[in-house]
Amino acid sequence: MKINPDKISTWVEGKASAYLEWDKRRTQARFEKALKLKRYFWILLGICCLLFLLGLMDHLNAAAISSACALALIVVFMKFVQLTMIALHGKEGSDE
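The notes below deal with the structure included here. Bear in mind the structure is a predicted one, so any value in this text is a computation, not a measurement.

1. So, the overall build of the protein
Then, in step 1: Helix and strand content of the protein: 2 helices and 0 strands.
Then, in step 2: Each of the 96 residues in the protein was classed as buried or not, and the buried ones make up 6%.
Then, in step 3: Surface accessibility of the protein: about 8,600 Å² in total, with carbon and sulfur atoms responsible for 70%.

2. As for the environment of Leu51
Then, in step 1: As for its position among the elements, Leu51 is in helix α1 (residues 5-57).
Then, in step 2: Relative accessible area serves as the criterion here: at 42%, Leu51 is assigned to the partly exposed category.
Then, in step 3: Expressed as a C-alpha distance, the spacing of Leu51 and Leu71, which sit 20 residues apart in the sequence, is 8.7 Å.

The rules behind the values
Residues numbered from 1 in each chain as written. Predicted model: local features only at pLDDT ≥ 70, side-chain atom pairs only at ≥ 80, totals over all residues. Heavy atoms only, no water. Helix = DSSP H or I, 4+ residues; strand = E, 2+ residues; numbered from the N terminus. Buried < 20%, exposed > 50% of the residue type's maximum accessible area, 1.4 Å probe, protein only. Areas by Shrake-Rupley, 256 points an atom, 1.4 Å probe, with all protein chains shown as cover.

Below, the structure written as structure tokens:
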């Protein structure tokens, strides 16, 4: 049995190009997912800040305190979700 180096190199090149295309699609999907999560975070943070400002405009201390508490709870929840996602996915996206 004789090994043909041309067939092997063609096969390796095909597998390499398929892997590079797959990696490009995976990177793009991760980027879009991170961008979507970042948008949700900033929208929630903006809503909380708006609630806080509305509470301050009415000069009602209870409304301001409850808005600040709601803002703090949402930020803590988002950080918990972020840490959970990091723990679940490990170091898949690290550049090391």
